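Next come the chains, spelled out residue by residue.
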Amino acid sequence: MAQVHEFKMEMTCEGCAGAAQRVLGKLEGVEKVETSVEKQQVLVTSALPKDTLLETLQKTGKTCSYVGTQ
Amino acid sequence: SECVKIQVIGMTCQSCVKNIETKMATQKGVIDIKVSLSENEATVMYHPIKTSPQKLCEQIEDMGFDASVAK
Ligand SMILES: [Cu+2]
Ligand SMILES: [Cu+2]
């Protein structure tokens, strides 16, 4: 079942947020991605394991960490 | 070594530029990389035996940007 996973990600602008959106968007099994530069937060709706999502986010080269499910 | 210009779409600030330069510099076969935000372009010097322009584009795409070999 899909859950909303919260990640903390170092984002300095909408470009960073766009990169997060794009890497996750390519992943099959991701339903929704919400980003907030202001909150340094990425919310991912997916049934995929959190480690898969985190590894994918890390591909952007930005520092990110897992916060938890909402 | 060879040199290729790659068009990179999606960069908005110097942190994006730094990010791509830092990560791509560690990829196999990359000798040197310079990224220009104003030109939306990466200039990469590489070993043709170890990597290829297509491979370099894929690696940049993987980071969440659109990349294609500039004509
Ligand atoms: Cu940014
Ligand atoms: Cu940026």
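The following paragraphs examine the structure supplied in this document. Here the residue numbers are simple positions, counted from 1 along each chain's written sequence. By the order in which they are written, chains take letters starting at A while ligands take numbers starting at 1. A pLDDT threshold of at least 70 governs which residues receive local features in this predicted model, and a stricter bar of 80 or more applies before side-chain atom pairs are shown or counted, although totals over entire chains, interfaces and linings include all residues. Side-chain numbers here rest on the full set of heavy atoms in the structure, without hydrogens or water.

1. As for the coordination of the copper ion (ligand 1)
Residue and element names in this part refer to chain A.
- A donor here means an N, O or S atom no more than 2.8 Å from the metal, or no more than 3.2 Å when the metal is Na, K or Ca. Since water is not included, a site may seem to lack partners. Surrounding the copper ion (ligand 1) are the protein donor atoms C13 (SG) and C16 (SG), at 2.0 to 2.2 Å.
- Between the copper ion (ligand 1) and the copper ion (ligand 2), the interatomic distance is 2.5 Å.
- Judged by its relative accessible area of 14%, C13 is buried. Buried, partly exposed and exposed residues are distinguished by accessible area as a fraction of the type maximum, computed with a 1.4 Å probe on protein chains only: under 20%, between the cut-offs, and over 50%, respectively.

2. Things to note about the packing of helix α1 (residues 14-25) of chain A against helix α2 (residues 50-58) of chain A
All names here are of chain A.
- Axis definition: a line fit to C-alpha positions, over the contact stretch in the case of helices; interaxial angles, taken between N-to-C directions, run 0 to 180 degrees. Going along the chain from the N terminus, every DSSP run of H or I of four or more residues is numbered as a helix, and every run of E of two or more is numbered as a strand. Running from amino to carboxyl end, α1 crosses α2 at an angle of 130 degrees, the nearest separation of the two axes being 9 Å. As summarised for this structure, α1 and α2 are arranged oblique, according to the angle between their axes. In the crossing of α1 with α2, the sense of the turn from one axis to the other is right-handed. Contacts between α1 and α2 involve A20, V23 and L24 from the former and L53, T56 and L57 from the latter.
- Classification convention: Asp, Glu, Lys, Arg as charged; Ala, Val, Leu, Ile, Met, Phe, Trp, Tyr, Cys, Pro as nonpolar; all other residues, Gly among them, as polar. Among the residues forming the contact of α1 with α2, the class breakdown is five nonpolar, one polar and no charged. Each angle is binned into one of four classes, with values under 35 degrees roughly parallel, values over 145 roughly antiparallel, values of 65 to 115 roughly perpendicular, and all other values oblique. Crossing chirality is assigned from the near helix's rotation relative to the far helix, an anticlockwise turn below a right angle marking it left-handed and a clockwise turn marking it right-handed. Note on definitions: a residue-residue contact is assigned when non-hydrogen atoms from the two residues lie within 4.5 Å.

3. What about the sheet that holds strand β4 (residues 64-69) of chain A?
All names here are of chain A.
- Should DSSP find at least two bridges between two strands, the strands are regarded as paired. Taken in spatial order, the four strands line up as β2-β3-β1-β4 in an open sheet, and their pairing is antiparallel. Each edge of the open sheet carries a strand with a single partner, namely β2 (30-36) and β4. Averaged over all pairs of adjacent strands, the angle between strand axes in this sheet comes to 20 degrees, irrespective of strand direction.
- With six bridges connecting them, β2 and strand β3 (residues 41-46) associate as antiparallel partners. Looking at the pairing, V30 lines up with S46 of β3.
- In this fold α1 packs onto β1 (3-9), β2 and β3, with an angle of close to 170 degrees to the strand it touches most, β2.
- Docked against the sheet, α2 engages β1, β2, β3 and β4, running at close to 35 degrees with respect to β1.

4. Description of the sheet that holds strand β1 (residues 2-9) of chain B
Residues and elements named next belong to chain B.
- Taken together, the four strands give an open sheet; going across it, the order is β2-β3-β1-β4, and neighbouring strands pair in antiparallel fashion. Each edge of the open sheet carries a strand with a single partner, namely β2 (30-36) and β4 (66-69). Adjacent strand axes in the sheet meet at a mean angle of 25 degrees when their direction is disregarded.
- Pairing between β2 and strand β3 (residues 41-46): six bridges, direction antiparallel. Of the residues in β3, the one forming a bridge with K34 is T43.

The values are spatial; any link to function lies outside them.
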